[in-house]
Amino acid sequence: MSIFLGAVNTTLATSATIEGIINMIEKFYYSKTISLIPVNKKEYLIHNSKGVIKGVNVIKKGKRFVFQKIN
């Protein structure tokens with residue numbers, strides 16, 4: 001028996017394109033000022049007019065972009 005002690009992130013939305021995931025994040029936050037800041041090839045920070053939004057990010061998983069809450 002194994003016990004997983006790591007945190008599991010919660011998927012909020014997925015999209016095949018970066019434009020599509022930005023659109024979904026804008027709808028989630030009722031905002032039109034969302035942009036993504038690349039951290040590396042597979043991870044992005046989410047930024048709006050007030051700065052970086054903490055507790056969420058976007059990752060590239062395979063051919064899809066995943067908007068997730070970081071637990």
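What you see is a predicted model, and the numbers here were worked out from it, not measured in a lab. (Residues numbered from 1 in each chain as written. Predicted model: local features only at pLDDT ≥ 70, side-chain atom pairs only at ≥ 80, totals over all residues. Heavy atoms only, no water.)

Caption draft 1: Representation of the side chain of E26 in the model. Turning to its location among the elements, E26 is positioned in helix 1 (residues 18-29). According to the relative accessible area criterion, E26 is buried, its value standing at 14%. Setting aside its immediate chain neighbours within four residues, E26 contacts S31, K32, T33 and I34. (Helix = DSSP H or I, 4+ residues; strand = E, 2+ residues; numbered from the N terminus. Buried < 20%, exposed > 50% of the residue type's maximum accessible area, 1.4 Å probe, protein only. Contact = heavy atoms within 4.5 Å.)

Caption draft 2: Just a nonpolar patch on the surface, in detail. Judged by side-chain polarity, I37, V39, L45 and V52 come together as a nonpolar surface patch covering roughly 280 Å² of accessible area. Position of V39 relative to the elements: it lies in the loop between strand 2 (35-38) and strand 3 (43-48). Residue classification places V39 among the partly exposed positions, given a relative accessible area of 44%. (Patch = residues over 30% accessible without salt bridge, like charges linked within 9 Å, V, L, I, M, F, W, Y side chains within 5 Å. Areas by Shrake-Rupley, 256 points an atom, 1.4 Å probe, with all protein chains shown as cover. Salt bridge = Lys/Arg side-chain N within 4 Å of Asp/Glu carboxyl O.)

Caption draft 3: Just the pairing of strand 6 (residues 64-69), in detail. By the bridge criterion, five bridges tie strand 1 (residues 10-15) to strand 6 in an arrangement that is antiparallel. Note that in strand 6 the partner of S15 across the bridge is F65. Sheet topology places strand 5 (residues 56-61) next to strand 6; six bridges connect them, and they run antiparallel. Looking at the pairing, V58 lines up with F67 of strand 6. Here strand 5 folds back onto strand 6 in antiparallel fashion, the turn holding two residues, of which G62 has a positive phi close to 70 degrees. (Pairing = 2+ DSSP bridges.)

Caption draft 4: Representation of the environment of V39. Residues V39 and V58, 19 residues apart in the sequence, show an inter-C-alpha distance of 10.0 Å. Look past the residues within four positions of V39 in its chain and what remains in contact with it is Y44 and L45.

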